[in-house]
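Each chain is listed here by its residues.
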Amino acid sequence: MTDDKDVLRDVWFGRIPACFTLYQDEITEREAEPYYLLLPRISYLTLVTDKVKKHFQKVMRQEEVSEIWFEYEGTPLKWHYPIGLLFDLHASNTALPWSITVHFKNFPEKDLLHCHSKDVIEAHFMACIKEADALKHKSQVINEMQKKDHKQLWMGLQNDKFEQFWAINRKLMEYPPEDSGFRYIPFRIYQATTERPFIQKLFRPIASGGELHTLGDLLKDVCPSAIAPEDGEQKTQVMIHGIEPMLETPVQWLSEHMSYPDNFLHISIIPRPTD
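Values in this document were obtained by computation on a predicted structure and should not be read as measured data.

1. Notes on the pattern of salt bridges
In step 1: Taken as a whole and assessed by the stated rule, the structure comprises eleven salt bridges.
In step 2: We note a salt bridge from Arg-9 to Glu-163, for which the minimum N-O separation is 2.7 Å. In this pair, Arg-9 is assigned in helix α1 (residues 5-12) and Glu-163 in helix α8 (residues 162-172), connecting sequence segments 154 residues apart.
In step 3: For Glu-163, a relative accessible area of 45% corresponds to the partly exposed category.
In step 4: As a salt-bridge pair, Asp-50 and Lys-118 come within 3.0 Å of each other at their nearest N and O atoms. In this pair, Asp-50 is assigned in helix α3 (residues 50-57) and Lys-118 in helix α5 (residues 118-137), connecting sequence segments 68 residues apart.
In step 5: When its relative accessible area of 36% is taken as the criterion, Asp-50 is described as partly exposed.

This is the structure:
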């Protein structure tokens, strides 16, 4: 892995200021003040919102409290998507802080998975890492790790410990020098304007002629609508971690440096602001 540690650090410590407010129809014993929090982009909502939950439960009647869930402008926020992806997909061109509505009732069964404990998040996170390693290394790296290594990846994410996480994750980002890249790039492309969850397919980082495939090559192959026609204007933005990477960037480099902790490149395609 080419060691651009500053990039890894910047990605890890990315934060989004958020303002949580209780949904107006929730029954409370006294007025609920908004709650402000800096959300880590790389984490999951249900992993970092214990303080939010406690804050609002103080003003609720206990019988009115069931499973907490969040929405932004009418869209329920999927807890199993990383926070940064949710923001890029739904709110990247809005003013900060990100305004999130908190609910304790009427859980949207059709839109969200239940998350009754952090074990559910851990299971989802580890399943993603295993899927990514199957694509990158035929599962050889993750299978050679011990249980304690798997746990260290999870604890590094849960406790926001960069060094603890990367001590293990570094191994998942390596490849034999003769290969010049992974077998396939673990990526998911999300489009703000469709109901489809995401696009995912096999894509090699190296072309058959030996040249590096770029982000532009990936989009042309998988989601051509994200690329501007030669004679037209760009109608969409391609976002990873809140930035628009250059389309000439090699996908191998992006996979090593801009993947989320679950080892996937989560790419958002959103409408470009018109103003």
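Still more ground to cover, so stick around.
2. As for the layout of surface pockets
In step 1: A volume near 450 Å³ is recorded for the largest pocket.
In step 2: Lining the largest pocket are 16 residues, and of these Thr-75, Lys-78, His-90, Thr-194 and Glu-195 sit closest to its centre.
In step 3: Mapped by element, the contributors of at least two residues to the lining of the largest pocket are β4 (75-76), α4 (83-90) and β6 (187-191).
In step 4: In terms of residues, the lining of the largest pocket owes the most to one element, α4, which gives three residues.
In step 5: Each residue belonging to the lining of the largest pocket can be placed in one class, and the counts come to seven nonpolar, four polar and five charged.
In step 6: Here the lining of the largest pocket gathers at least three residues from each of two domains, domain 1 (12-103) and domain 3 (179-274).

3. Structural notes on empty space enclosed by the protein
In step 1: Per the stated rule, a full pass over the model turns up two cavities of 30 Å³ or more.
In step 2: The computed volume of the largest cavity comes to approximately 70 Å³.
In step 3: Going through the elements one at a time, α1 and α8 are the ones with two or more residues in the lining of the largest cavity.
In step 4: A per-class count over the lining of the largest cavity returns nine nonpolar, three polar and no charged.
In step 5: Each of domain 2 (117-174) and domain 3 (179-274) accounts for three or more of the residues forming the lining of the largest cavity.
In step 6: Roughly 40 Å³ of volume is contained in the second largest cavity.
In step 7: Classifying every residue of the lining of the second largest cavity by side-chain character gives one nonpolar, two polar and three charged.

4. Observations concerning the domain arrangement of the protein chain
In step 1: Domain annotation for the protein chain reports domain 1 (12-103), domain 2 (117-174) and domain 3 (179-274).
In step 2: Residue-level contacts link twelve residues of domain 1 with 18 residues of domain 3.
In step 3: Together domain 1 and domain 3 conceal approximately 1100 Å² of surface at their shared face, both sides included; 64% is due to carbon and sulfur atoms.
In step 4: Ranking the residues of domain 1 by area buried against domain 3 places Leu-85, Asp-88 and Leu-89 at the top, with a combined share of 41%.
In step 5: Linking domain 1 with domain 3 are zero salt bridges.
In step 6: Here domain 1 is connected to domain 3 by four residue pairs in polar contact (both at pLDDT 80 or more).
In step 7: Here the element with the most residues in the side of domain 1 that touches domain 3 is α4; it accounts for four residues.
In step 8: Residue classes in the side of domain 1 that touches domain 3 are distributed as seven nonpolar, three polar and two charged.

5. Description of the UniProt feature "domain: Autophagy protein ATG5 alpha-helical bundle region" (unreviewed entry) in the protein chain
In step 1: UniProt's entry tags residues 119-174 with the feature "domain: Autophagy protein ATG5 alpha-helical bundle region" (unreviewed entry), counted in the numbering of this structure.
In step 2: Split by type, residues 119-174 is 84% helix and 0% strand. Its first and last C-alpha atoms lie 28 Å apart.

6. Structural notes on the packing of α5 against α8
To characterise two packed helices, one gives the angle between the axes of the helices and the distance between these axes.
In step 1: In contact at an axis separation of 11 Å, α5 and α8 are set at 35° when each is read in the N-to-C sense. Here α5 contributes Phe-125, Ile-129, Asp-133, Lys-136 and His-137 to the contact with α8, which in turn contributes Phe-165, Lys-171 and Leu-172.
In step 2: Across the contact of α5 with α8, the residue classes break down as four nonpolar, one polar and three charged.

Cut-off values and rules
Residues numbered from 1 in each chain as written. Predicted model: local features only at pLDDT ≥ 70, side-chain atom pairs only at ≥ 80, totals over all residues. Heavy atoms only, no water. Salt bridge = Lys/Arg side-chain N within 4 Å of Asp/Glu carboxyl O. Helix = DSSP H or I, 4+ residues; strand = E, 2+ residues; numbered from the N terminus. Buried < 20%, exposed > 50% of the residue type's maximum accessible area, 1.4 Å probe, protein only. 1 Å grid on protein atoms, 1.4 Å probe; cavity = no way out; pocket = protein on both sides within 12 Å on 5 of 7 lines; lining within 4 Å. Points joined across faces, edges and corners; volume = space filled by probe spheres on them. Nonpolar A, V, L, I, M, F, W, Y, C, P; charged D, E, K, R; others polar. Domains from an automatic or database assignment. Contact = heavy atoms within 4.5 Å. Buried area = accessible area lost by both parts, 1.4 Å probe. Polar contact = N/O pair within 3.5 Å; in protein donor to acceptor, adjacent residues only side chain to side chain. UniProt positions renumbered as here; feature names shortened; annotations may be inferred. Axes fitted to C-alpha atoms, helices over the stretch in contact; angles between N-to-C directions.

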